[in-house]
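Geometric and topological summary
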Amino acid sequence: MTFLSYLISGISLGSIYAIIALGYTMVYGIAKMLNFAHGDVIMVGGYMSFMATTHFGWSPFSSVLFAMGVCTVLGILIEQLAYKPLRSAPSLAVLITAIGVSYFLQNAALLIWTPNPKSFSSVVPFDSLRLFDGQLIISGTTIVTIVACAIIIVTLNTIVNKTKIGKAMRAVSEDKDVAQLMGISVNKTISVTFAIGSALAAVAGVLLCSAYPILMPTTGAMPGIKAFTAAVFGGIGSIPGAFLGGILLGIIEILGKAYISTQLSDAIVFAVLIIILLVKPTGLLGKKVLVKV
Amino acid sequence: MKRKSYFTFVVALMLCLALLTGCAGNTAKPTDTAESAAPSESKTEPSGGQQTETEPGTSTNNAPIKLGGIGPLTGGAAVYGVAVANGAKIAVDEINALGGMQFELNFQDDEHDAEKSVNAYNVLKDWGMQILVGTVTTTPGIAVSTEVYNDRIFALTPSASSPAVIEGKDNVYQMCFSDPNQGIASAQYIQDKGLGTKIAVIYNNGCAYSTGIYEKFVSEAETKNLEIVSITTFTDDTANDFSVQLTEAQNAGADLVFLPIYYQPASLILSQANAMGYEPEFFGVDGMDGILTMKNFDTTLAEGVMLLTPFAADATDDLTVAFVEKYSELYGEVPNQFAADGYDSVYAIYEALKDSDVTAETSPSDLCELLIDIFSGGDFVFNGLTGENMTWSKLGEVAKSPKGMVIENGVYVGMD
């Protein structure tokens with residue numbers, strides 16, 4: 001029974017990683033850049049939801065929508081101001097810019113919301129679920145997180161594979177120049193990608209803070225890095241890969257903590273990552289790309 | 001292309017202007033500093049540059065003694081540095097208002113980073129600092145105290161509690177409890193009051209503060225026959241999910257969980273224990289202070305949590321009431337223990353020096369020897385916000401008795 005409860009904690013943590021990883025993987029897959037500011041958009045999402053519920057007194061559900069709205073606008077803004085002018089620059093320049101944006105967001109949050117941690121009240125109104133005579137307790141937040149993650153994966157997969165904009169995304173991902181020649185607006189497609197990624201970040205932020213109710217300007221940093229690891233783990237650029245990578249990372253982290261050592265949990269996670277990358281350099285579900293010279 | 005270069009030009013121009021205005025805004029300060037850095041030249045009229053610092057000080061015409069402060073004013077640990085700086089500022093203003101000895105405080109940011117802290121220290125040294133109130137946190141404190149020792153500048157740290165900060169340095173003193181003392185006091189307290197029979201410990205093994213308390217607690221618990229049934233750890237990077245640590249404590253049958261950690265992870269532990277229906281007693285140390293003032297925190301979660309802390313904002317003695325009132329008025333929040341530490345540090349230096357004839361011209365090394373004699377002399381007793389009848393040993397450790405507090409109905413209540 002203890003194992004089961006650890007497993008559920010792992011899946012719950014993994015679902016949050018997975019939602020964040022989706023943001024990384026979409027942007028990487030389509031714009032071929034690592035958006036390191038993603039973790040900080042999560043933090044902004046958390047603060048937005050926090051402000052909406054505590055200062056404006058909105059309902060939890062509308063606070064999530066508000067956070068998604070603000071983060072979408074923020075994501076597009078970041079893309080237009082920071083990344084678009086560097087579209088043809090070397091990828092290293094874009095990477096450094098992304099790190100710069102990340103610092104900018106963290107320090108702006110520090111100025112606006114002060115460094116004092118805030119306690120986030122869960123947006124999930126359900127009580128814990130008690131199974132097997134109370135031996136197994138699953139919190140409402142855990143259930144909502146897992147369900148939300150599943151819904152997001154299915155929706156995203158449908159968007160990318162079944163819709164027109166999804167087709168454009170796949171085309172841009174495959175070859176930017178040819179896509180442009182085919183009449184696809186590359187800039188618009190990338191903007192939409194950022195919008196979706198940032199909206200997901202807002203959801204992830206709210207769920208992260210609901211599960212671990214503490215909100216600071218650095219809240220998004222570590223989960224962001226872990227989720228990036230998850231995206232690489234599953235094969236960066238692949239949506240099912242991000243999901244699988246996220247869930248596995250969460251489970252490994254919790255089970256490693258429980259059965260091997262609480263001190264080594266992160267070491268175990270990254271050791272597994274190294275082994276996977278040695279065996280399969282593109283990640284679990286990554287596609288092998290042949291580059292012709 | 002042409003438009004673009006024009007735009008670049010305008011931006012560059014604006015940046016240059018911003019740079020210039022930045023200088024203009026600060027002109028008051030550099031002259032101020034220059035004047036006091038060369039006191040021999042401007043001895044006759046030092047009050048001219050100091051108007052802003054010491055309004056009522058004109059009657060004494062005293063040049064202020066320069067106190068330096070170092071702590072994280074930005075970054076993740078800023079909550080501590082800002083509190084210390086605010087508390088120290090209040091103390092300096094109060095002392096200056098008395099009209100006698102005058103102080104000038106220059107508080108530098110170190111972002112809780114050892115290297116930046118040493119840089120900040122060098123800045124203060126160039127400014128002419130005579131006494132250091134710092135550093136706020138332990139890791140930078142270890143680096144800076146070595147420098148302080150070499151330069152013979154007296155340092156009183158408000159809150160860097162690791163013994164490594166004062167070890168082997170005769171001129172570095174602590175206002176807060178040292179970590180080992182907190183561990184010993186906690187074990188003592190738990191046994192004396194019979195608070196728990198089976199104890200679980202969750203500590204941050206990436207943090208010198210937490211590890212220091214934990215080690216002493218465990219060795220002290222052994223000699224006192226307290227049974228420790230579960231020991232688990234986390235680091236700052238894994239400080240979000242505590243289900244494993246709590247489940248282990250629960251399965252081991254722990255009825256008291258000792259948390260020698262800061263309040264941010266502690267708040268997560270409390271809420272996760274509540275979600276899983278685990279209700280042991282929780283016992284914290286001074287890092288737990290601050291949990292009640294955390295914005296939007298559900299204080300019912302902390303109901304019954306016990307902690308050892310030197311300062312409680314709801315205490316009813318005149319000194320605390322006046323300080324809390326002034327702090328809340330100026331900074332819009334209830335002061336935590338760190339603010340009180342900062343306040344006490346400045347006052348301790350003032351108490352030590354007020355009967356001596358030190359001035360702004362006394363060299364830092366003379367001040368240093370004088371303060372060492374006073375602090376370790378054995379006669380110096382200080383009463384402040386964070387304790388009564390505090391004395392210091394030659395090692396630099398403070399001796400004061402911790403207050404056991406329990407949280408009832410969202411406020412601290414003394415346990416004794």
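Quick caveat: nothing in here was measured; it's all calculated off a predicted structure.

Along chain A, the regular secondary structure elements total 11 helices and four strands. For chain A, the C-alpha radius of gyration of 19 Å lies close to 19 Å, the compact-globule estimate for 293 residues. Dimensions of chain A, computed from the C-alpha atoms along their principal axes, are close to 65 × 50 × 35 Å. Put simply, chain A has 293 residues, and 51% of those count as buried. If you take every contact in chain A between residues at least 6 apart in sequence, the share linking residues at least 24 apart comes to 74%.

Looking only at helices and strands, chain B has 14 helices and 15 strands in total. Looking at chain B as a whole, 50% of its 416 residues are labelled buried. Sequence separation of at least 24 residues holds for 68% of the intrachain contacts in chain B that already meet a minimum separation of 6.

Moving on, we come to the environment of Thr362 of chain B. The residue Thr362 of chain B is located in the loop between helix H13 (337-353) and helix H14 (364-376) in this model. C-alpha separation for the pair Thr362 of chain B and Gln130 of chain B, spaced 232 residues apart in sequence, amounts to 8.1 Å.

Residues and elements named next belong to chain B. Here helix H9 (residues 208-223) spans 23 Å end to end across 16 residues, near enough to the 22 Å set by a 1.5 Å rise per residue. Residues of H9 that are buried: Ala208, Tyr209, Ser210, Gly212, Ile213, Tyr214, Lys216, Phe217 and Ala221. Contact partners of the buried residues in H9: helix H6 (138-151), helix H8 (179-192), strand E6 (198-204), strand E7 (227-234) and strand E8 (256-259).

Once that is clear, we can look at the nonpolar core. Core analysis: the largest hydrophobic core is formed by 205 residues, its most contacted members being Ile19 of chain A together with Val346 of chain B. Looking at this core element by element, the count peaks at 16 residues for helix H1 (residues 2-31) of chain A. When residues of this core are assigned to domains, at least three fall in each of domain 1 (63-177 + 315-401) and domain 2 (180-309) of chain B. With residues near it in sequence (within four places) discarded, Ile19 of chain A still touches Cys149, Ile152, Leu200, Val203, Ala204 and Leu207 of chain A.

Residues and elements named next belong to chain B. With respect to the helices, strands and loops of the structure, Pro335 is situated in the loop between helix H12 (318-331) and H13. A count of 27 C-beta atoms within 10 Å places Pro335 in the buried class. The spatial distance from the C-alpha of Pro335 to the C-alpha of Ala313 is 6.7 Å, given a sequence separation of 22 residues. In this view, Pro335 contacts Ala83, Gly87, Ala313, Phe323, Val324, Tyr327 and Ala340; residues no more than four positions away in its chain are not counted.

Another aspect to go through is the domain arrangement of chain B. Residues and elements named next belong to chain B. Segmenting chain B into domains produces domain 1 (63-177 + 315-401) and domain 2 (180-309). Inter-centroid distance (C-alpha atoms) of domain 1 to domain 2 is 29 Å. On the domain 2 side, the residues contacting the 10 residues of domain 1 number 11 residues. For the side of domain 1 that touches domain 2, the class distribution of residues is three nonpolar, six polar and one charged.

Because each turn of an α-helix spans 3.6 residues, side chains separated by three or four positions in sequence point in the same direction. In this model, helix H2 (residues 38-54) of chain A (17 residues) spans 25 Å end to end at C-alpha, consistent with the 24 Å of a helix rising 1.5 Å per residue. Among the 17 residues of H2 of chain A, 15 are classified as buried, and the element is accordingly described as predominantly covered.

Moving on: the interface of chain B and chain A. On the chain A side, the residues contacting the 29 residues of chain B number 29 residues. Elements that contribute at least two residues to the side of chain B that touches chain A include exactly helix H4 (78-98), E7, helix H10 (243-251) and helix H11 (263-275) of chain B. Considering only residue class, the side of chain B that touches chain A consists of nine nonpolar, 16 polar and four charged.

Residues and elements named next belong to chain B. With mixed pairing, seven strands are arranged side by side in an open sheet as E7-E6-E8-E9-E10-E14-E15. Looking at strand neighbours, the two that pair on one side only are E7 and strand E15 (411-414), the edges of this open sheet. Within this sheet the neighbouring strands show an average axis-to-axis angle of 25 degrees, counted without direction. Pairing geometry for strand E14 (residues 403-408) and E15, over four bridges, is antiparallel. Across the sheet, Val406 pairs through a bridge with Val413, a residue of E15.

Scored by pLDDT, chain B comes out at a mean of 81, with 85% of its residues at no less than 70. Scored below 50 in pLDDT, residues 19-60 of chain B makes 37 contacts in the model with residues more than four places away or belonging to other chains.

Turning our eyes to something else, we now look at the sheet that holds strand E12 (residues 387-392) of chain B. Within a beta sheet, neighbouring strands are joined by backbone hydrogen bonds and run either parallel or antiparallel to one another. All names here are of chain B. With antiparallel pairing, three strands are arranged side by side in an open sheet as E11-E12-E13. The open sheet has two edge strands with one neighbour each: strand E11 (382-384) and strand E13 (398-399). Here E12 pairs with E13 via two bridges, running antiparallel. Bridge pairing links Trp392 to Val398 in E13.

All names here are of chain B. Among the seven residues that make up strand E1 (residues 65-71), seven are buried, leaving the element largely enclosed by the rest of the structure. Burial of the side chains of E1 extends over both faces: Ile65, Leu67, Gly69 and Gly71 are buried on one face and Lys66, Gly68 and Ile70 on the other. Two elements, E1 and strand E2 (residues 103-109), share seven bridges in a ladder whose sense is parallel. Opposite Ile70, over in E2, you have Gln108 as the bridge partner. In the sheet, E1 pairs with strand E3 (residues 131-134) via four bridges, with the strands oriented parallel. Along E3, the bridge assignment pairs Gly68 with Leu132.

So, about the packing of H2 of chain A against helix H3 (residues 60-83) of chain A. Relative placement of two packed helices is described by the angle separating their axes and the distance separating the axes. Residues and elements named next belong to chain A. Taken N-terminus to C-terminus, the directions of H2 and H3 make an angle of 140 degrees; their axes are 8 Å apart at the nearest point. Classed by the angle they form, the pair H2 and H3 counts as oblique. For the pair H2 and H3, the sense of crossing is right-handed. The residues of H3 that touch H2, namely those facing Val41, Val44, Gly45, Met48, Ser49, Ala52 and Thr53, are Pro60, Ser62, Ser63, Val64, Phe66, Ala67, Val70, Cys71, Leu74 and Gly75. Its residues placed into classes, the contact of H2 with H3 shows 11 nonpolar, six polar and no charged.

Time to look at the packing of helix H9 (residues 221-234) of chain A against helix H10 (residues 239-259) of chain A. All names here are of chain A. Interaxial distance between H9 and H10 falls to 7 Å at its minimum, and their mutual angle equals 120 degrees. Accordingly, the angle class assigned to the pair H9 and H10 is oblique. Crossing geometry of H9 relative to H10 is assigned as right-handed. Contacts between H9 and H10 involve Lys226, Ala227, Thr229, Ala230, Ala231, Phe233 and Gly234 from the first element and Gly241, Ala242, Phe243, Leu244, Gly245, Gly246, Leu248 and Leu249 from the second. For the contact of H9 with H10, the class distribution of residues is nine nonpolar, five polar and one charged.

Between Gly134 of chain B and the following residue, Thr135 of chain B, the backbone shows a cis peptide bond with an omega angle of -5 degrees. Within the secondary structure, Thr135 of chain B sits in the loop between E3 and H6. At Lys32 of chain A, a residue that is not glycine, the phi angle is positive and equals roughly 55 degrees. Its location among the elements puts Lys32 of chain A in the loop between H1 and H2. According to the C-beta neighbour criterion, Lys32 of chain A is partly exposed, with 14 such atoms within 10 Å.

Reading the values: the criteria
Residues numbered from 1 in each chain as written. Chains lettered and ligands numbered in written order. Predicted model: local features only at pLDDT ≥ 70, side-chain atom pairs only at ≥ 80, totals over all residues. Helix = DSSP H or I, 4+ residues; strand = E, 2+ residues; numbered from the N terminus. Rg over C-alpha atoms; globule rule 2.2 N^0.38 Å. Buried ≥ 20, exposed ≤ 12 C-beta atoms within 10 Å, placed from the backbone. Contact = placed C-beta atoms within 7 Å. Expected span 1.5 Å × (residues − 1). Core = buried A, V, L, I, M, F, W, Y, C linked by C-beta atoms within 7 Å. Domains from an automatic or database assignment. Nonpolar A, V, L, I, M, F, W, Y, C, P; charged D, E, K, R; others polar. Pairing = 2+ DSSP bridges. Axes fitted to C-alpha atoms, helices over the stretch in contact; angles between N-to-C directions. pLDDT = per-residue confidence, 0-100. Parallel < 35°, antiparallel > 145°, perpendicular 65-115°, else oblique. Left-handed = near helix turned anticlockwise from the far one by under 90°.

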